[in-house]
Amino acid sequence: MTDLSFSGAGRNICGMRRLCLASAACLGSVLILTGCAILGGRYSRPDPDQVLPVVTVSSFNNRSGFSGNWKIGSGMADLLVSELMESRHFVVVERGELGVVVQELDLQQRPEFRPEGRVKTGNLKNAQYIIRGVINDFSQVGGSSIGLAIKKLVFGGKGYRARVSLTLTVIDVESGQIVDSVQCQGIARAREAYVRGSYKGVAFGGDAFFKTPLGEATAEAIGDGVEELIASIPSMRWKPMIASRIGGKVVINGGADRGLKAGQVFNVHGPGRAVTDPGTGDLLSIIPGAVIGSIKVVSVAEKIAFAEPVKGSGFERGMRLKLIER
């Protein structure tokens, strides 16, 4: 296969490339997707007090008209999963192959299996949001010809471009409500085209694929989509709460990672009250419970802190804490 020369595209390879189009001046920037950390600080770092949303990705619906050998529906979903994880803004859980996981969990509970190393059940994460994808366009146009063959893509002419267009719909699992619908696309142009080329033997999502115009356009569309998802999917801020009771001490659900320090004093609030709209049933707010006592941090670990009661009693797991400002 003849090598292509893309307009300013770099040549760093680590699973998936993306041509950055933030401005005309940065056409040479490259995003590395799967298999390694992203180079160049493509995404902002999550807020340390942010609780990452838990998402799952369904298979993409292919409405582009492409009918080649590539299974671009499932392939595009896999690429999105990899990029969501590389962004570090999401916790991604499996759903498409979850049956295999559940089957293994069930097998481990059978008496034929030894108890050592047995995985505990009841710990599978619940997804908060489902990301559903649609491929609107997956095409390559070259000069006077459109190279969409029955079993492969071919092109010819003096100039060509590839275009990939996606719609990413975010669904709130709890309510079934559509949170947002993201439109993203990628376009790759070549500095010079070869007389006749073929994608035969090129695997979707492989190294060779991302050397092609369609590979560049795919990477661009996926990268832009993840940026939009970061902005549109709600995230919660971490709140100090009672995680457990051990002996006479109270365990807090954060430690050095949340900036807790020995000597800090927290008020303990009793159970809050949810307020919903009487017409729609939508949650409007949660009114904090009354203060039932206070605790003082005596030691701090990486992800938990230990505190002792200062006043009050009846402290239970899940109760909210509020730092007493001094």
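Up top you'll find the structure we're talking about.
Residues numbered from 1 in each chain as written. Predicted model: local features only at pLDDT ≥ 70, side-chain atom pairs only at ≥ 80, totals over all residues. Heavy atoms only, no water.

**Q** Even after reading the chapter, I still don't get the nonpolar core, so can you show me in this structure?
**A** By size, the foremost hydrophobic cluster in this structure holds 37 residues, and its most contacted members are L80, F138 and L229. Contributing elements (two or more residues each) for this core: β5 (54-57), α1 (72-87), β8 (129-142), β11 (160-172), β12 (178-192) and α3 (213-232). For this core, the leading source of residues is α3, giving seven residues. Non-local contacts of F138, meaning those with residues more than four positions away in its chain, are made with S64, F66, W70, I72, M76, R163, V164, F204, F209, L214 and T218. Counting 14 residues, the second-largest nonpolar core is a separate cluster that includes I242, F266, A307 and L321. (Core = buried A, V, L, I, M, F, W, Y, C linked by side-chain atoms within 4.5 Å. Buried < 20%, exposed > 50% of the residue type's maximum accessible area, 1.4 Å probe, protein only. Helix = DSSP H or I, 4+ residues; strand = E, 2+ residues; numbered from the N terminus. Contact = heavy atoms within 4.5 Å.)

**Q** Whenever I open this one, α1 confuses me. Can you help?
**A** Residues spaced three or four apart along an α-helix face the same direction, because each turn holds 3.6 residues. Between its terminal C-alpha atoms α1 stretches 22 Å, which fits the 22 Å expected from 16 residues at 1.5 Å a residue. If you check which residues of α1 are buried, you get I72, G73, G75, M76, A77, L79, L80, E83, L84, E86 and S87. Just downstream of α1 lies R88, where phi reads positive at about 65 degrees. (Expected span 1.5 Å × (residues − 1).)

**Q** Any chance you could explain the pattern of salt bridges here in plain terms?
**A** Note on pairing: side chains with opposite charge can pair once their charged atoms come close. The final tally for this structure, using the stated rule, is five salt bridges. Residue D47 pairs with R237 through a salt bridge whose shortest N-O separation is 3.2 Å. Here the residue D47 occupies a position in the loop between β3 (30-32) and β4 (50-51), and R237 occupies one in strand β14 (residues 236-237), the gap between them amounting to 190 residues. Under the relative-accessibility criterion, R237 is labelled exposed at 52%. Put simply, D49 and R237 hold a salt bridge, and the shortest N to O gap is 3.3 Å. Here D49, found in the loop between β3 and β4, pairs with R237, found in strand β14; they are 188 residues apart in sequence, far enough to count as distant. (Salt bridge = Lys/Arg side-chain N within 4 Å of Asp/Glu carboxyl O.)

**Q** Quick question: what am I supposed to make of the packing of aromatic side chains here?
**A** Think of a pair of aromatic rings as described by two things: how far the centres are apart, and how the planes are tilted against each other in angle. Tallying each qualifying case throughout the model produces eight aromatic pairs. An angle of 55 degrees between the planes, with centres 6.2 Å apart, marks the rings of F138 and F204 as tilted. Of this pair, F138 sits in strand β8 while F204 sits in the loop between β13 (197-198) and α3; the two residues are 66 residues apart in sequence, bridging distant segments of the chain. The class of F138 is buried, set by a relative accessible area of 2%. By relative accessible area, F204 is classed as buried at 17%. Clustering of aromatic rings is evident, with ring pairs tying together F66, W70, F138, F204, F209 and F210. (Phe/Tyr/Trp six-rings, centres within 6.5 Å; stacked < 30°, edge-to-face > 60°.)

Function-wise, these values are silent; they only describe arrangement.
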